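What the coordinates show
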Amino acid sequence: MLVSRISQDKVSPIKVLISQTKALTEKVLQKPDPAFLTAQAQLLDEYFRESFAQSRVGPEIKLAQNPYAVVAQGGYGRREQCVHSDVDLLLLFSKKIPDSAAQLVQEIVYPLWDAGLAVGYATRTLKETVKLAAKDFEVLTSLLDARHVCGASNVYTDLKEALWEKVIRKKDRTYLNWLINSSQGRHERFGDSSYLLEPNIKEGQGGLRDYHAMLWAGRVRYGFTEARDMEYQGALTNTEYTELSEALFFLWAVRNHLHHFSGRKNDQLYFDYQKKVAHSLGFAGDEQNLAGIEAFLGRLHGHMDCIKHLSAMFLDAARPTARLRAKKAEPREIAPGIVEERDSVSFSSSRDLAKDPSLLIRIFDESLNRRLPLSVEARRLVREFLPLINDAFRRNPETVRTFERILKAYHPDVNILEEMLDTGFLPAFFPEFGAIVNRIQYTEYHVFPVDKHSLLTVRLLKRFFKDDAPEHDPLFPELAAQVASRKILLYAALFHDIGKAASMTNHAGAGAELAEKAMARMGYPDRIVEAVCFLVREHLLLPITATRRDLNDEQTSLTCARKVGNVQNLVSLYLLSCADSIATGPKAWNDWTASLLKELFFKVNQVLTRGGLATRKAIAVAEKKRAELFEHAPAGMNQEEISELFTRLPPRYLNEVPSPDMVRHVSLFRTLGAAPAVISVTPSREGALRVVDVLAKDRPGLFSRIAGVFTLNNINILDAQIYTWRNHTAVDVFRVLPPADTLFERDIWQRVERDLTRVLTGQLDLAEALVKKLSSIKKASAPTSLVKESVRVDNESSGFFTIIEVFAYDRLGLLYEITDAIFRSGLDIWVAKIATKADQIVDVFYVRDFDGQKVDDAEKVLAIIASLERALSRNGVKNGAA
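A short tour of the structure in this document, coming up. Just so we're clear, the structure is a prediction, and the values are computed from it rather than from any experiment.

**Comments concerning the sheet that holds strand β5 (residues 332-335)**
- With antiparallel pairing, three strands are arranged side by side in an open sheet as β5-β6-β7. Lying at the two open borders of the sheet, with one neighbouring strand each, are β5 and β7 (344-347). Averaged over all pairs of adjacent strands, the angle between strand axes in this sheet comes to 40°, irrespective of strand direction.
- Direction of pairing for β5 relative to strand β6 (residues 338-341): antiparallel, over a ladder of three bridges.

Here it is in structure tokens:
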């Protein structure tokens, strides 16, 4: 009996399926194979056929009296069976569903479930199926992919005929409209995957579902029976079909690997999987080779771009209204060589285009003027005739003027620059731009590929000029009205990141050189070329200065003003910086960064217009604050006490701290007494942040301990100003993100104050507490950035402080380790700028040694760098750190 059972196991359909599927999957993971999807489906076909042949229940149903068939649907029906794809099945009965049908399901479906396959099935009669398809287009869509697997083939044939005659022929127009609207709704839910850095490779725009929509529309609109009919019947050219096939092959390869690494059906290419998939597909020598990952994502986005545009073109041609338009009017000439037909613009003929290449750009101009898209055929011809774009074409004055009009024009519903990018015109016209098409920056900080980001930056600037963006700062249109040359600013926006293909360490400098080449080739005079190049070269000046330098240091604004040169340059740089940051994403533009940029803008503007800052007014400001402190002094504090305390306030504190904050600090000081520290938390003026004032007896390493306590309580520091009164009271002012749980925020801040007191009195071992916290948290995934961890020491930018810049991958406890290393190097922190860009940090510290001097000795500088590099190389807080 045992031998018999073993024998049966060897030939059981499910055992064969599992074994062969495993072998097939292992093979395709080694090398992508276009035949894999069909082979996977074939294995399932063989399983169902063998199960059907060996069925004990099947004969009881009496196939002759009540014919039935096993029908594949969905991806299984299309023979697109990826590693963990669902298996969609229909048990189709000719007349009625017998009681034994449930046993049949148990016999053939349950073993698949037990094996871990996701099987979806329906059991219906022929009549029920047709009736349901007429009511529910989701059901009809799945049936468009239906394929006979086993059983009575005539039942399947009857289904296809009934669907065509009773549903599709009668409801084709309604279905096509539903399909197109459903696709648009899907795009809104899942986003444009050719833009997103974590694309959904199935449901997003440019994903596999867009290809499926082409298949479904082709079957209903044109009667296609297979994908190749798109080419055979002229809906796609040979080139387009070849590009589509290559894109699909790549996406299917990515999907198979994604399924494998996820261990399940998963179509969202999250950051955690991107490295593994790229490495497995041969794009990286190892998982840390991020350049290979960027190449992989660039290829993926290029293919998804292809699918997106071919699908949009195909569905537009298949739209039911297109048939009505086709019958209405003959093409109408709207410009020499250009006609309007079917609510789109097109070329009169390809012969005209060959004779007059300027039509290649003029058609975009007409598209903009008439708010009409290019026709399907026009898009094809633009791509086909791109080789006509040469230096003579680029330098032609009329061509240049036309491009200028398009660059400066803005309409909320029309984006001609994007159309130029999609058709390949833009990278052909500017070869320098072509190098950043579909180029990915592998960080969570950048939301879009570089080419799309650049066009979005241009579009945002044009919105500033139109003043139709109420969500933006009212200052933008006010400043935009002062811009002397919109052309120069918009060219700079278009070119500001073209250097990223040439250099990731100095893309602004590389971009300026490329911009100079492009502008000179078009024949622009030196004055305009130099103005554009200046903006490209310095487009990071304001953001970097605002986020990495002390804006209260007069030297910061003076240095920035010298580089900017004049108010016109400042206005243009500010608008470009804001548009660039907004287009980068929410992690680059928020209330905090916006306020920093604006503060720097006004300070630099004052230097350029009035020639100075606070130095000449310092005495007057101090006297005014003294009067305000007397006026709003805390209850019970007499004038003698105020005068005494005022003499203890250092000039930097008097100059930088607003009067209301000084009053708050004085109140805190009176409650400090013998306590180690007291804190106060108030909403910030910049937005949804918190200002945390910490007053404590000054001691070495205080900032490091505060940072560690904040880490213990999940408080993220954005900025810190450190002051020491002449009575040895430390006043540390932090700007932080509010706690995640704002409902219990008061309790959280009470815990922060309690923990800080325990740390300062020696009752809590901070390093040990941080080690415990780190050990309880899941280890972060590998960094997703090309930024190298490094330490820089700057003794030039400030006359009074040594500036330390730390670039590193973020992790919990890192700020404590950095500041602890600075303290152990014999340095006091006076100002801290804490910038976190998703997965990376740029922390900047203004420091002096314990004697109050800058650190400019070369050996000491090297020792500081070595100490900080050791801190960066550690994987977490170590026991023994004080």
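**Some details on the packing of aromatic side chains**
- Applying the stated criterion across every chain yields a total of 41 aromatic pairs.
- Judged by centre distance (6.1 Å) and plane angle (85°), the ring pair of Phe-393 and Phe-429 falls under edge-to-face. Of this pair, Phe-393 sits in helix α20 (residues 391-395) while Phe-429 sits in helix α23 (residues 425-429), placing them 36 residues apart in sequence.
- Given a relative accessible area of 6%, Phe-393 falls into the buried group.
- A connected cluster of aromatic rings, assembled from ring pairs, spans Phe-364, Phe-393, Phe-403, Phe-425, Phe-429, Phe-430, Tyr-491, Phe-495 and Tyr-524.

**Examining the pattern of salt bridges**
- Overall, the coordinates contain 41 salt bridges when judged by the stated rule.
- When the shortest N-O distance is used, the salt bridge between Asp-45 and Arg-147 registers 2.9 Å. Here Asp-45, found in helix α3 (residues 36-54), pairs with Arg-147, found in strand β4 (residues 147-151); they are 102 residues apart in sequence, far enough to count as distant. The residues Asp-45 and Arg-147 share a single accessibility class, namely buried.
- The closest approach of N and O atoms between Lys-598 and Asp-473, which form a salt bridge, is 2.6 Å. Taken together, the residues span a long stretch of sequence, with Lys-598 in helix α33 (residues 591-610) and Asp-473 in the loop between α25 (450-466) and α26 (475-480) at a distance of 125 residues.
- Among the charged side chains, a network of salt bridges with common partners joins Arg-78, Glu-80, Asp-145 and Arg-219.

**With respect to the environment of Leu-208**
- Within the element layout of this structure, Leu-208 appears in helix α11 (residues 208-221).
- The class of Leu-208 is buried, set by a relative accessible area of 1%.
- Considering only alpha carbons, one finds Leu-208 and Trp-252, 44 residues apart in sequence, at a separation of 8.4 Å.
- Setting aside chain neighbours within four positions, we find Leu-208 in contact with Ile-201, Lys-202, Leu-248, Leu-251, Trp-252 and Arg-255.

**A few points about a positive patch on the surface**
- A contiguous patch of positive charge on the surface is contributed by Lys-127, Lys-131, Lys-135, Lys-166 and Lys-170.
- Elements that contribute at least two residues to the positive patch include exactly α8 (126-135) and α10 (153-190).
- Looking at the positive patch element by element, the count peaks at three residues for α8.
- Relative to the helices and strands, Lys-170 is located in helix α10.

**Points about empty space enclosed by the protein**
- Applying the stated rule across the entire model yields three cavities of 30 Å³ or more.
- The calculated volume of the largest cavity comes to roughly 60 Å³.
- Leu-368, Ile-406, Ala-409, Tyr-410, His-411, Val-414, Asn-415, Ile-416, Leu-417, Arg-459 and Lys-462 together form the lining of the largest cavity.
- Mapped by element, the contributors of at least two residues to the lining of the largest cavity are α22 (416-423) and α25.
- For the lining of the largest cavity, the residue count by class is seven nonpolar, two polar and two charged.
- Surrounding the second largest cavity, Phe-48, Ser-51, Phe-52, Tyr-68, Val-70, Leu-91, Leu-104 and Ile-108 form its lining.
- Those elements that provide at least two residues to the lining of the second largest cavity are α3, β1 (68-73) and α6 (101-108).
- With three residues, α3 is the single largest residue contributor to the lining of the second largest cavity.
- Class assignment for the residues of the lining of the second largest cavity results in seven nonpolar, one polar and no charged.

**A short note on the pairing of β1**
- Of all six residues in β1, six are buried, a share of seventy percent or more.
- Residues Tyr-68, Val-70 and Ala-72 of β1 are buried on one face, and the alternating residues Ala-69, Val-71 and Gln-73, pointing to the opposite face, are buried as well.
- Where β1 meets strand β2 (residues 87-93), six bridges bridge the pair, whose relative direction is antiparallel. When the bridges of β2 are listed, Val-71 appears paired with Leu-90.

**As for the nonpolar core**
- Within the largest apolar cluster, 99 residues are counted, with the highest numbers of intra-cluster contacts made by Phe-403, Phe-425, Phe-430 and Phe-495.
- The leading source of residues in this core is helix α32 (residues 567-584), at 10 residues.
- Counting residues in each nonpolar core, the second largest holds 78 residues, with Val-28, Ile-201, Ala-278 and Ile-440 among its members.

**Things to note about α33**
- Relative to the 28 Å expected for 20 residues at 1.5 Å per residue, α33 spans 28 Å between its end C-alpha atoms, a close match to the ideal helical length.
- Looking at α33, one finds that the buried residues are Trp-592, Thr-593, Ala-594, Ser-595, Leu-596, Leu-597, Leu-600, Phe-601, Val-604 and Val-607.
- Capping the start of α33 is the job of one residue whose side-chain oxygen sits 3.0 Å from the backbone nitrogen of Trp-592: Asn-590.

**Let's talk about the packing of helix α21 (residues 397-408) against helix α27 (residues 486-495)**
- Put simply, α21 and α27 touch, their axes get as near as 10 Å, and they point 80° apart. Judged by the angle between their axes, α21 and α27 are roughly perpendicular. Residues Phe-403, Glu-404, Leu-407 and Lys-408 of α21 form the contact with α27, whose own contacting residues are Arg-486, Lys-487, Leu-490, Tyr-491 and Leu-494.
- Split by residue class, the contact of α21 with α27 holds five nonpolar, no polar and four charged.

**With respect to the packing of helix α18 (residues 359-370) against α21**
- The geometry of α18 relative to α21 is characterised by a closest axis approach of 10 Å and an angle of 30° between their N-to-C directions. At the point where α18 passes α21, the crossing takes the left-handed sense. Every residue of α21 that contacts α18 at Ile-361, Phe-364, Asp-365 and Leu-368 is listed here: Thr-399, Thr-402, Phe-403, Arg-405 and Ile-406.
- Classifying every residue of the contact of α18 with α21 gives five nonpolar, two polar and two charged.

**Description of the environment of Thr-547**
- Tracing the sequence through the fold places Thr-547 in helix α30 (residues 541-548).
- Distance in space between the C-alpha atoms of Thr-547 and Leu-600 is 9.8 Å, their sequence separation being 53 residues.
- In this structure, Thr-547 is in contact with Leu-596 and Lys-833, ignoring residues within four places of it in sequence.

**Digging into the side chain of Asn-256**
- Inspection of the secondary structure assignment puts Asn-256 in helix α13 (residues 238-262).
- In this structure Asn-256 comes out as buried when scored by relative accessible area, which is 4%.
- In this structure Asn-256 touches Leu-29, Phe-36, Leu-37, Cys-82 and Val-83, once residues within four positions along its chain are discounted.

**Here's the deal with the pairing of strand β9 (residues 690-697)**
- Most of β9 sits inside the fold, with seven of its eight residues counted as buried.
- By the bridge criterion, seven bridges tie strand β8 (residues 677-683) to β9 in an arrangement that is antiparallel. Bridge pairing in β9 places Val-678 opposite Leu-695.
- Looking at chain direction, β9 and strand β11 (residues 729-736) are connected through eight bridges and run antiparallel.

**Some thoughts on the environment of Val-83**
- Within the secondary structure layout, Val-83 lies in the loop between α5 (74-77) and β2.
- Judged by relative accessible area, which is 15%, Val-83 ranks as buried.
- Along the sequence, Val-83 and Arg-521 sit 438 residues apart, while their C-alpha atoms lie 51 Å from each other.
- Filtering out sequence-adjacent residues up to four positions away, Val-83 remains in contact with Thr-25, Phe-36, Gln-40, Asn-256 and His-259.

**Some details on the side chain of Asp-719**
- On the secondary structure map, Asp-719 appears in strand β10 (residues 717-724).
- Classification of Asp-719 as buried rests on a relative accessible area of 3%.
- A polar contact of 3.5 Å, which involves the side chain of Asp-719, links it to the side chain of Lys-833.

Conventions used here
Residues numbered from 1 in each chain as written. Predicted model: local features only at pLDDT ≥ 70, side-chain atom pairs only at ≥ 80, totals over all residues. Heavy atoms only, no water. Pairing = 2+ DSSP bridges. Helix = DSSP H or I, 4+ residues; strand = E, 2+ residues; numbered from the N terminus. Axes fitted to C-alpha atoms, helices over the stretch in contact; angles between N-to-C directions. Phe/Tyr/Trp six-rings, centres within 6.5 Å; stacked < 30°, edge-to-face > 60°. Buried < 20%, exposed > 50% of the residue type's maximum accessible area, 1.4 Å probe, protein only. Salt bridge = Lys/Arg side-chain N within 4 Å of Asp/Glu carboxyl O. Contact = heavy atoms within 4.5 Å. Patch = residues over 30% accessible without salt bridge, like charges linked within 9 Å, V, L, I, M, F, W, Y side chains within 5 Å. Areas by Shrake-Rupley, 256 points an atom, 1.4 Å probe, with all protein chains shown as cover. Lys, Arg positive; Asp, Glu negative; His and termini not counted. Charge placed at Lys NZ, Arg CZ, Asp CG, Glu CD. 1 Å grid on protein atoms, 1.4 Å probe; cavity = no way out; pocket = protein on both sides within 12 Å on 5 of 7 lines; lining within 4 Å. Points joined across faces, edges and corners; volume = space filled by probe spheres on them. Nonpolar A, V, L, I, M, F, W, Y, C, P; charged D, E, K, R; others polar. Core = buried A, V, L, I, M, F, W, Y, C linked by side-chain atoms within 4.5 Å. Expected span 1.5 Å × (residues − 1). Polar contact = N/O pair within 3.5 Å; in protein donor to acceptor, adjacent residues only side chain to side chain. Parallel < 35°, antiparallel > 145°, perpendicular 65-115°, else oblique. Left-handed = near helix turned anticlockwise from the far one by under 90°.

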